[in-house]
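Examination of the molecular architecture
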Amino acid sequence: MESFTASNYAPFPVTLVHGEGAWVVDDTGRRYVDCLAAYSAVNFGHRHPRLVAAAHAQLDRLTLTSRAFGNDQLAPFCRDLAEMCGMEIVLPMNTGAEGVETALKVARRWGYRRKGVPRDHAEIIVCDGNFHGRTTTIVGFSTDPEARDGFGPFTPGFIPVPYGDATALRAAITERTVAFLVEPVQGEAGVIVPPPGYLAEAREICRAANVLMIADEIQSGLGRTGRTFACDHEDVRPDVYILGKALGGGIVPLSAVVADADVLDVITPGSHGSTFGGNPLACAIGREVIAMLRTGEFQDRAAVLGRRLAESVGGLVGDGASAARVHGLWAGIDVADPAVPARDVCEMLLERGVLAKDAHGQT
Ligand code: PLP
């Protein structure tokens, strides 16, 4: 049956049929602890009862209207999410990549209409090692050759700088720079945590240069690092949050761009949209996700379990691992032996009932 499926992934040899909390079961009845959590989309565990109940209740009422008409879940969802972010306006989309594309459009239009950048000359600074999704514009500014190969020509206007280097960011800004797009932790690159103070310094650099700081918290946000946002660890409030993954509770795709009105107001009727973005089913689930995050319980749990994870994973350094980076309940472990790819280690973990995923090469 696999022969009918496009080969854009090389999945591990396991077929999952059931999930509950941190546990999943395969088609032979074997149980695994799921350490990938669908790349943080299942931050609350598989089929969390509150999220499943919210989905069921909405399924029985109304699922999709398109934005040609209003629905009664959209406004409360946007209000709750804006409040959680401490910002004014929410633009809902579906996948993470769509959220990123939306933020790029917002930043360019803001640059032309509010900052006075000459039309079609906007520059957006991005980071080496970034991962923001798989659309043609986004892979165009990826620094991973595998992600780009064969997909050009690409959208111009993106300037890469080394990640974690505030001096390089400052030097790359010109009068045409409209935004700095950054992952507060680079997940796909191998859970790369930037040096302490980097996000706060980037915040100040962007503020001083009238450049939008766009934090892609699609994977790092919504509890994973032990705080609601990874930016919270440095008391940083970006100009724009891009959220996704766990926002849909592991049930539906739901992403959002969140900012103040003087930024997001540049999007006007007809300039952007999505058939499914802001649908009542996703918004009802998203509201429950926000309600669960409001208590702080999940963030605290990620922090507490993260400290235990850091202790045990830290013990592997010098004993098979060359480095380990842990931020909340999120870890990247570098395999010391260059002859052993991380994928092989993940296959051994699978044998032992642990689902984990290699990032690049040795992580
Ligand atoms: N941004 C970041 C930081 C991500 O980790 C991802 C997915 O892994 C994306 C964007 C893209 O999200 P999606 O796969 O939902 O398009």
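A short tour of the structure in this document, coming up. (Residues numbered from 1 in each chain as written. Predicted model: local features only at pLDDT ≥ 70, side-chain atom pairs only at ≥ 80, totals over all residues. Heavy atoms only, no water.)

So, on to the environment of A75. Of note, A75 is situated in helix α3 (residues 74–85). Sequence-wise, A75 and A202 are 127 residues apart; in three dimensions their C-alpha atoms are separated by 32 Å. (Helix = DSSP H or I, 4+ residues; strand = E, 2+ residues; numbered from the N terminus.)

On to the nonpolar core, then. Membership of the largest hydrophobic core comes to 51 residues, with the highest contact counts inside it found for F77, L81, F180, Y241 and V258. Top element by residues in this core is helix α10 (residues 280–294). It accounts for eight residues. In contact with Y241, other than residues within four places in its own chain, are C85, M87, A215, E217, F229, C231, D232, V236, A256, V257 and V258. Within the second largest apolar cluster, 29 residues are counted, among which are V117, V178, V263 and L264. (Core = buried A, V, L, I, M, F, W, Y, C linked by side-chain atoms within 4.5 Å. Buried < 20%, exposed > 50% of the residue type's maximum accessible area, 1.4 Å probe, protein only. Contact = heavy atoms within 4.5 Å.)

As a further point, take the sheet that holds strand β2 (residues 23–26). Pairing within the open sheet is mixed, and its four strands lie in the order β1-β2-β3-β13. Bordering the open sheet on either side are β1 (16–20) and β13 (354–355), each of which pairs with just one other strand. Both β1 and β2 contribute to a ladder of four bridges, which runs antiparallel. If you follow L16 over to β2, its bridge partner there is D26. (Pairing = 2+ DSSP bridges.)

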